[in-house]
Amino acid sequence: MKIETECEADGRWIAEITLIPGVMAYGDTQQEAVAHVEALALRVLADRLEQGESVAQYSLWSHECMGSSKGTNSPTGVNLYRLDHQT
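Conventions and cut-offs
- Residues numbered from 1 in each chain as written.
- Predicted model: local features only at pLDDT ≥ 70, side-chain atom pairs only at ≥ 80, totals over all residues.
- Heavy atoms only, no water.
- Phe/Tyr/Trp six-rings, centres within 6.5 Å; stacked < 30°, edge-to-face > 60°.
- Lys NZ or Arg CZ within 6 Å of the ring centre and 35° of its normal.
- Buried < 20%, exposed > 50% of the residue type's maximum accessible area, 1.4 Å probe, protein only.
- Helix = DSSP H or I, 4+ residues; strand = E, 2+ residues; numbered from the N terminus.
- Pairing = 2+ DSSP bridges.
- Contact = heavy atoms within 4.5 Å.

Student: I keep staring at the packing of aromatic side chains and nothing clicks. Help me out?
Tutor: Where two aromatic rings form a pair, the distance of their centres and the angle of their planes describe that pair. Within this structure, the stated rule accounts for zero aromatic pairs. A cation over a ring is seen here: Arg 12 above Tyr 26, with NZ or CZ 3.9 Å from the ring centre.

In structure tokens, the structure reads:
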């Protein structure tokens, strides 16, 4: 899964996992927004499992910044992170 982050005009960061509709969260820093969106994604997936839905299509979790090496803004202003489970 990819996490997209962007700094809003008011200075807050927003992070979104586009693969799971509605999974987005704000934070005061980029790292905080990513942590919040990861926690939300886990809650959503846990809820889906409890409801008997499959979540096999989601690959979880370790960070790999796609684009900039330190998670700073890319030329488009959007940072992408990829989440894959490493076993």
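Student: Looking at this model, I keep getting lost on the pairing of strand β3 (residues 24-27). Mind explaining?
Tutor: In summary, the side chains of a regular strand alternate between the two faces of the sheet. Burial along β3 is one-sided: the residues Ala 25 and Gly 27 are buried and none of Met 24 and Tyr 26 is. With four bridges connecting them, strand β2 (residues 13-16) and β3 associate as antiparallel partners. Along β3, the bridge assignment pairs Ile 14 with Tyr 26.

Student: What am I meant to see in the environment of Ala 33 here?
Tutor: The topology assignment puts Ala 33 in helix α1 (residues 30-50). Of the residues examined, Ala 33 reaches a relative accessible area of 0% and is grouped as buried. Distance from Ala 33 to Glu 16, taken between C-alpha atoms, is 8.7 Å for residues 17 residues apart in sequence. Setting aside residues no more than four positions away along its own chain, Ala 33 makes contact with Trp 13, Ile 14, Ala 15, Ala 25, Tyr 26 and Gly 27.

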